[in-house]
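Inside the fold
Chain by chain, the residues:
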Amino acid sequence: MARAMWSGSISFGMVNIPVKLHSAVRDHSIHFHMMSKDGQCRLRRKLVCPETDEEYDFEDTARGYEVAPGQYIIIRDEELASLKPEPGKAIDILDFVELEQIDPIYYDRSYYLAPDERGVKGYELLLRAMTDQKKVGIAKFVMRGKEYLAALRPMGDIIGLETMRFADEVMAAKEVHDPPKGVKIEKKELDVAERLIDALVTKFDPKKYKDDYRQKVEKLIEKKAKGGKIAITEPTEEEIPPVYNLMEALEKSLKAAKKPAAKSVPKRRRKSA
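Residues numbered from 1 in each chain as written. Predicted model: local features only at pLDDT ≥ 70, side-chain atom pairs only at ≥ 80, totals over all residues. Heavy atoms only, no water.

What follows concerns helix H4 (residues 212-225). Over its 14 residues, H4 runs 20 Å from end to end, which matches the ideal 20 Å to within 8%, given 1.5 Å per residue. Backbone geometry just after H4 places Gly 227 at a positive phi near 90°. (Helix = DSSP H or I, 4+ residues; strand = E, 2+ residues; numbered from the N terminus. Expected span 1.5 Å × (residues − 1).)

Listed below in C-alpha cells is the structure:
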C-alpha cells in the first residue's frame, strides 16, 4: 500500500470524514546532472555576487522583491511566516457543482483520497451521494503551509482530489487570440470537417499513447551503460506545409482516414512429409 503524503478529514456541514491523501500520478521524467565534459566531476552551482565575485552560503541569503529596475525590498522569513495560513487538517467543502461546469484549465495536480479506517462508512456515504447526484465538491485545505483550492470528484470506488488554480491565475483566451471577423465557412467545408472527425472517433484508451522521446532516451542510457556506441544523426526541422486549398486538404484527409489498416497475412504452414 502506498504511503500517504497528508492526512486529515473531509468536512462538509457538521460531518467530518478522516482521509489520507495519495498522489495519483508518477513522474517518469528523466533527470540529468551537470557534469564536466569528461564526465569526471559533478558540477555544483555557487551563489556569487557578480560585482565583487564574493561567494555566499545559502544561510547568508535573504529574499528580495524587485519593485523597480535594480531596486529591491528585503522580505524576511519571519514576515512571510506570519502571513502563512493556519495549519489545518480539514478539507472544507464549500460548494457542490456539476463536473461539466469546471473547465479543465483550472486543474493542476491529481490525487486520491483514501478513507482512514475510522471513517469508512462516512467516506462511502459521501462517495455514493456525489455519484448519485453527479456532483463535485469544491473545497479549500492547507498542506505544507500553502492553501489550496480543490475539486473532490467520485472516481469509481474512490474520491479523487484535483488541486485547482485560482481564477486570477488563469489567463483569458482573448489575451492570446482575437477571433478574426468576417471568416466565411462554407457548408460543404463544415460537412467534410465533421465527417473527418467522425472517421477518427474512437474510445479513449490512455495506454495507446506513449512518450516516444522518453523511451528513446531510456534505450540510449541503457545502451551507453553497457558500453555500446551511439550513431549521431542531425535532427531536421519539420516545416509546416501551407494549406492552399482547404477543401482539397479536408477531402484527402477524409479519404485517408477511411482506408482500412493493412492486415498481416498469416504464413501457410508446410505440410510434414
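And the narrative resumes.
Moving on, we come to a nonpolar patch on the surface. Together, Leu 47, Tyr 56 and Phe 58 give the surface a local cluster of nonpolar side chains, amounting to about 330 Å² of exposed area. Within the secondary structure layout, Phe 58 lies in the loop between strand E4 (55-56) and strand E5 (63-68). (Patch = residues over 30% accessible without salt bridge, like charges linked within 9 Å, V, L, I, M, F, W, Y side chains within 5 Å. Areas by Shrake-Rupley, 256 points an atom, 1.4 Å probe, with all protein chains shown as cover. Salt bridge = Lys/Arg side-chain N within 4 Å of Asp/Glu carboxyl O.)

The subject of this paragraph is unusual backbone geometry. Positive phi, close to 65°, is recorded for Asp 53, a residue that is not glycine. Tracing the chain through its elements places Asp 53 in the loop between strand E3 (47-48) and E4.

As a further point, take the sheet that holds strand E2 (residues 15-23). Read around the barrel, seven strands follow the order E1-E2-E8-E11-E10-E9-E7 and close on themselves; strand pairing throughout is mixed. Neighbouring strand axes in the sheet, compared pairwise and without regard to direction, differ in orientation by 40° on average. Set on the sheet, helix H2 (residues 120-133) makes contact with strand E1 (6-12), E2, strand E7 (90-97), strand E8 (107-115), strand E9 (136-143), strand E10 (146-155) and strand E11 (158-164); between it and E11 the angle comes to about 75°. (Pairing = 2+ DSSP bridges. Axes fitted to C-alpha atoms, helices over the stretch in contact; angles between N-to-C directions. Contact = heavy atoms within 4.5 Å.)

Here we take up the nonpolar core. Counting 21 residues, the largest nonpolar core has Ile 10, Ile 91, Leu 113, Phe 141, Leu 152, Ile 159 and Leu 161 as its most contacted members. Here this core takes four residues from H2, the largest share from any one element. Not counting residues up to four positions away in its chain, the partners in contact with Leu 152 are Ile 10, Ile 91, Ile 93, Leu 113, Met 130, Val 136, Gly 137, Ala 139, Ile 159, Gly 160 and Leu 161. Counting seven residues, the second-largest nonpolar core is a separate cluster that includes Ile 138, Leu 149, Ala 151 and Met 164. (Core = buried A, V, L, I, M, F, W, Y, C linked by side-chain atoms within 4.5 Å. Buried < 20%, exposed > 50% of the residue type's maximum accessible area, 1.4 Å probe, protein only.)

So, about the pattern of salt bridges. Two side chains with opposite charge may pair up if their charged atoms get near one another. Enumeration according to the criterion identifies ten salt bridges in this entry. The partner of Arg 153 in a salt bridge is Glu 162, and the shortest N-O contact between them spans 3.2 Å. Judged by relative accessible area, Glu 162 falls into the buried class, the value being 7%. Residues Asp 211 and Arg 214 are paired through a salt bridge, measuring 3.7 Å at the closest nitrogen-oxygen approach. Accessibility expressed as a relative area gives 38% for Asp 211, which makes it partly exposed. Counted as one network, the salt bridges with shared partners bring together Asp 211, Arg 214 and Glu 218.

That's the geometry; what it means functionally is another story.
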